[in-house]
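# Observations on the model geometry
Chain by chain, the residues:
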Number of protein chains: 2
Amino acid sequence: MNTLHQSFSVRFTYDVYFTENLFDTLNPALLDFFKKHHTEGYRKKLLFILDQGVVAGHPDLPERINTYFASQSVVDLVPDLIVIPGGEGAKNDPTLVDRLVDAVDRYGIDRHSYVLAVGGGSVLDLVGYVAAISHRGIRHVRIPTTVLSQNDSGVGVKNGINYHSKKNFLGSFAPPVAVFNDSTFLTTLDDRDWRSGISEAVKVALIKDQVFFGWLEENAGKLAARDKAAMEYLVHRCAELHLNHIASGDPFEMGSSRPLDFGHWSAHKLEQLTGFEVRHGEAVAIGIAMDSLYSYRLGWLTQAEVNRILNLERALGFDLYHPALEGDSVLKGLGEFREHLGGLLTIMLLRSIGTGEEVHEMDENLIREVITTLKETEAQPV
Amino acid sequence: MNTLHQSFSVRFTYDVYFTENLFDTLNPALLDFFKKHHTEGYRKKLLFILDQGVVAGHPDLPERINTYFASQSVVDLVPDLIVIPGGEGAKNDPTLVDRLVDAVDRYGIDRHSYVLAVGGGSVLDLVGYVAAISHRGIRHVRIPTTVLSQNDSGVGVKNGINYHSKKNFLGSFAPPVAVFNDSTFLTTLDDRDWRSGISEAVKVALIKDQVFFGWLEENAGKLAARDKAAMEYLVHRCAELHLNHIASGDPFEMGSSRPLDFGHWSAHKLEQLTGFEVRHGEAVAIGIAMDSLYSYRLGWLTQAEVNRILNLERALGFDLYHPALEGDSVLKGLGEFREHLGGLLTIMLLRSIGTGEEVHEMDENLIREVITTLKETEAQPV
């Protein structure tokens, strides 16, 4: 039998810009990006998709975007700025995919045009998916508006939608061509969304960077009190660790490892069990508490270390227990976590603060004991 | 403004195996592949999707697949072999995507499992798309059964479906993990499908390899007479040139160039204008004739060269004119060709036999004259 071997590498590059007031006509960042990527001979089109929740908090946003692009001749703004519902519901609604693909078709957005998404993680995931499958991949610019999307998902390479309520069942790995993190959007978040994204920073600090963990401990009060400068540092450092991890690891997750998903196996399940009433970051905070206590029970973390972790989360204002942990439903999250990626079950635990280590099995009785501990120490009085 | 730069490469490798009687229990090729990629501790699942047209020509195929995997313990074959309609219609029917995604869900096919497609280019394009978007990319094995898919699309990195009859409007770049070219399938093709795929070999020889063009001239009689050994050489050499082109160029087509699409701008349109009655390879043969004559009229090819090209196509049995070329409808193919990829119009023409060169504009009057020439010399008597 004759065989031909195929082998090639594809290089992906993009910049993550940290700025304020992105659509202020005095801020050249976005226009500079398009000038830099201008091709002589034709003007590329821009199709904007906006998160309804962001527009509610910034009613002048569509007008500001129109004004921003009014007096330039580098790109052609599609004047119909599309507004779609945000939150997890956006990923559960297949008609939104059709609506956005129709817009790509109707406005003649080709592979050299740009689809820009302004919103939280769900809108970015949905729009990224539509951009990835249209014409085998339209250039996609992300403008994340929440802490969670600015420091984690929005700077990464994944997109996805839910299918029959299975989270991210459909999706792909498709790096954006640019990410613009505008800290102005963070100031209008409600307290829960402000706090939620911080748990991804706690997570990445725990598995990768004890110095950053120390910074989080020192600044927990400021972060809880909505100090903007502290949050800007947090977002920047967390995004940096996230980007480094992707570039140095397995960007398109061809292997079994999911090292960035510390605390996530139970978090995904908890979100689902509560009908997404518990937000992703809130669920991750609980997942971190569970897997830190589990690591302590394995003898990997000291009592002092696990106390530092739980105390940091408490200082940030997170609840570390939820009644949906009662019963064994959350344990099903282990199997589902394995199934999504496939291969061997692979769970990240902690050897110490700043050092993660993977295991391929978890003891269900030990998980039950950890949940009991959290219930006894953390459950809110009814 | 602060900026973080992201940059990484993703390596893709896969082998294209040339074999006969792939599902003969005496042929170890397919099972050897799964043994090589076996992971201790669990058995990966195989979900087969079969082209109805192939099953019609090989009614014992499902049984042979079941028998092939019956006595081994390396992988778990999903016993429900899914049979779907083939041909362009498969790519026009969105319910097929749902049906296949449902099967991925129902049978718990995860990212380490395999989806295998056995069929012509349309079935491979559809199944490749479903595999690419499910769980952000399930491992995909292609078993192409036509000349066209064995020497061209099936060994490449694209997938896609049509949307509102716009060809490949939805799709992605997602390399397979392996391709198995079984020449036995070629022997049961009808004459039109046997011939069709040869035009991609003529195409790639014209733009890249004058020695291969000479071989095609010498063997045109054998190929037209369905000589299996000649066809096996053609498929192998054409696949090799196609693979080399992908690896040395721009595999995911991030730029504007489409160098492998010689003769294709009019071919895509001709397929559409005839409701896909003209098959892809037949349309490409006409497209090659048109753009070769055009290159001659530009003074790029000599009279002798263009005659060699047209004579080879005639000797292979291709019609080089179709009444749908009458009128200006086919000229719309130029704009649509540009729009699918975006960016500047980029058309491959010929400097000589074996050497292509790209242009960014075409003279519509010259195209009309070329069509008139083909009509006068090639039109079949009514």
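The rules behind the values
Residues numbered from 1 in each chain as written. Chains lettered and ligands numbered in written order. Predicted model: local features only at pLDDT ≥ 70, side-chain atom pairs only at ≥ 80, totals over all residues. Heavy atoms only, no water. Least-squares fit on C-alpha atoms with pLDDT ≥ 70 in both. Contact = heavy atoms within 4.5 Å. Buried area = accessible area lost by both parts, 1.4 Å probe. Salt bridge = Lys/Arg side-chain N within 4 Å of Asp/Glu carboxyl O. Polar contact = N/O pair within 3.5 Å; in protein donor to acceptor, adjacent residues only side chain to side chain. Helix = DSSP H or I, 4+ residues; strand = E, 2+ residues; numbered from the N terminus. Pairing = 2+ DSSP bridges. Domains from an automatic or database assignment. Axes fitted to C-alpha atoms, helices over the stretch in contact; angles between N-to-C directions. Parallel < 35°, antiparallel > 145°, perpendicular 65-115°, else oblique. Left-handed = near helix turned anticlockwise from the far one by under 90°. Nonpolar A, V, L, I, M, F, W, Y, C, P; charged D, E, K, R; others polar. Buried < 20%, exposed > 50% of the residue type's maximum accessible area, 1.4 Å probe, protein only.

## Digging into the relation of the copies chain A and chain B
- Mapping chain A onto chain B is achieved by rotating through 180° and translating by 0.0 Å along the same axis, at an RMSD of 0.0 Å. In short, the pair behaves as if placed about a two-fold rotation axis. For chain A, the minimum C-alpha distance to the rotation axis belongs to Val-10 of chain A and amounts to 2.7 Å.
- When the interface residues of chain A are mapped onto chain B, 100% of them again lie at the interface, so the same face is used by both copies.

## Some points on the interface of chain A and chain B
- Across the boundary between the two partners, chain A contributes 70 residues, which contact 70 residues of chain B.
- Each partner contributes to the roughly 6700 Å² buried at the junction of chain A and chain B, and carbon and sulfur atoms together form 55% of this total.
- At the boundary of chain A with chain B, the tally comes to six salt bridges.
- Taking the shortest distance from any N to any O, the salt bridge between Lys-166 of chain B and Asp-105 of chain A comes out at 3.0 Å.
- Taken together, chain A and chain B are joined by 33 residue pairs in polar contact (both at pLDDT 80 or more).
- Within the residue set of the side of chain A that touches chain B, elements represented by two or more residues are β1 (2–19), α5 (94–106), α6 (121–133), β8 (166–170), α11 (228–248) and α15 (332–341) of chain A.
- In terms of residues, the side of chain A that touches chain B owes the most to one element, β1 of chain A, which gives 18 residues.
- With 17 bridges joining them, β1 of chain A and strand β1 (residues 2–19) of chain B adopt antiparallel strand pairing. What sits directly across from Asp-15 of chain A, in β1 of chain B, is His-5 of chain B.

## A closer look at the domain arrangement of chain A
Residues and elements named next belong to chain A.
- Split by domain assignment, chain A resolves into domain 1 (15–188) and domain 2 (191–377).
- Placing the centre of domain 1 and that of domain 2 at their C-alpha centroids yields a distance of 28 Å.
- It is Val-147, Asn-151 and Phe-173 that lose the most area in domain 1 upon contact with domain 2, and together they represent 25% of the buried surface on that side.
- At the boundary of domain 1 with domain 2, the tally comes to four salt bridges.
- Residue Lys-158 is joined to Glu-253 by a salt bridge in which the shortest nitrogen-to-oxygen separation is 2.7 Å.
- Taken together, the elements giving at least two residues each to the side of domain 1 that touches domain 2 come down to β1, α7 (147–151) and β8.

## Re the packing of helix α12 (residues 264–273) of chain A against helix α13 (residues 280–297) of chain A
All names here are of chain A.
- Relative orientation of the contacting elements α12 and α13 amounts to 140°, with a least axis distance of 7 Å. For the element pair α12 / α13, the angle class is oblique. In the crossing of α12 with α13, the sense of the turn from one axis to the other is right-handed. Here α12 contributes His-264, Trp-265, Ser-266, Ala-267, His-268, Leu-270 and Glu-271 to the contact with α13, which in turn contributes His-280, Ala-283, Val-284, Ile-286, Gly-287, Met-290 and Asp-291.
- For the contact of α12 with α13, the class distribution of residues is seven nonpolar, five polar and two charged.

## What to know about the environment of Tyr-14 of chain A
- Structurally, Tyr-14 of chain A can be placed in strand β1.
- On a C-alpha basis, the gap between Tyr-14 of chain A and Asp-32 of chain A in space is 14 Å, while along the polypeptide they are 18 residues apart.

## A look at the side chain of Ser-183 of chain A
All names here are of chain A.
- Positionally, Ser-183 belongs in the loop between β9 (178–182) and α8 (191–196).
- Take Ser-183: its relative accessible area is 7%, and that puts it in the buried class.
- Setting aside its immediate chain neighbours within four residues, Ser-183 contacts Thr-19, Glu-20, Gln-150, Lys-228 and Glu-232.

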